[in-house]
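Residue-level structure breakdown
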Amino acid sequence: MGKVTKLKLAVLISGGGSNLQAILDACKSADYPAEVVLVFSNQTDAGGLTRGRDAGIRSEAISHKGYPGGREAYDAAVSALIEESGADLVVLAGYLRLVSESFVTRWKDKLINIHPSLLPSFKGLHVHQAALDAGVKFAGCTVHYVVPEVDSGPIIAQAVVPVLPGDDAGKLAQRILRQEHKIYPQVIRWIAEGRVSVDAKGIVTIADAKPAEMAELNPVLEPG
Ligand code: GRF
């Protein structure tokens, strides 16, 4: 059997990188159609950099603090690194930094993000507390293509979790993270398999989505 070409990923992080780890774990399967070629952080001490290095992947950081030329120049340097890595898809995984419009344009249709709410509800920061404060009974996470407006852009997948009595922001965040770790590798698989399309209205369709596959992400759905 010939060597299968895998989708090359650049994963951008700022913190612990548990989503990065979920992606790295998925990539360990021989039949997973993607591989991480670059881990990048704007925080030089991000824990996720160690995860990347432990996996033998080029893992680099450039601090944004005091970067000469500001956001545009910084993002141009990040783009140059990504280009050099040969990545086909840029995966924001807890990258806690606004990206410039030119970065979004450069990576149009090749830039995805994960956000720990059911968008379009609860954009921005401190979303777990915001969900609790709003009294919603279900929360969750969203993977979406990135557009210039923050936490907007075509929604590729969402997973739902219940809000339970006694929840605080930390408990809810942990429950949502467990779903994040499922949907992010799954979305990357769909993109690598060429199954994700976006129509003129920004509605995403997953070609040939199996009910069982969707139910695995969202246990509230019937598998049949
Ligand atoms: C996740 O909740 C993600 O949705 C948000 O930042 C968090 C990153 O967590 N954008 P980790 O670094 O992947 O553990």
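Above this text sits the structure in question.
This write-up is about the structure you can find in this document.

Rules of the game
- Residues numbered from 1 in each chain as written.
- Predicted model: local features only at pLDDT ≥ 70, side-chain atom pairs only at ≥ 80, totals over all residues.
- Heavy atoms only, no water.
- Salt bridge = Lys/Arg side-chain N within 4 Å of Asp/Glu carboxyl O.
- Buried < 20%, exposed > 50% of the residue type's maximum accessible area, 1.4 Å probe, protein only.
- Helix = DSSP H or I, 4+ residues; strand = E, 2+ residues; numbered from the N terminus.
- Pairing = 2+ DSSP bridges.
- Axes fitted to C-alpha atoms, helices over the stretch in contact; angles between N-to-C directions.
- Contact = heavy atoms within 4.5 Å.

**Thoughts on the pattern of salt bridges**
Tallied over the entire structure, the rule returns 10 salt bridges. For Lys 28, the salt bridge identified is with Asp 25, shortest N-O distance 3.1 Å. The class of Lys 28 is exposed, set by a relative accessible area of 65%. Two residues, Glu 84 and Arg 58, come together in a salt bridge whose shortest N-O distance is 3.0 Å. With Glu 84 in helix α3 (residues 70-85) and Arg 58 in the loop between α2 (47-54) and β3 (59-61), the pair connects residues that are 26 residues apart, well separated along the chain. Exposure remark for Arg 58: the relative accessible area of 31% places this residue in the partly exposed category.

**Some remarks on the sheet that holds strand β6 (residues 138-145)**
Two strands in a sheet stick together by hydrogen bonds in their backbones, pointing the same way (parallel) or opposite ways (antiparallel). Ordered by their spatial adjacency, seven strands build an open sheet running β3-β2-β1-β4-β5-β6-β7, and the pairing between neighbours is mixed. Two strands lie at the open edges of the sheet, namely β3 and β7 (155-162), each paired on one side alone. Here the average twist between neighbouring strands, direction ignored, is 20°. Sheet analysis places strand β1 (residues 7-13) next to strand β4 (residues 89-92), joined by four bridges and oriented parallel. Counted as the bridge partner of Val 11 is Val 91 from β4. Across the sheet, helix α6 (residues 169-192) lies against β1, β2 (34-41), β4, β5 (111-115), β6 and β7, angled at about 155° from β7, the strand it touches most.

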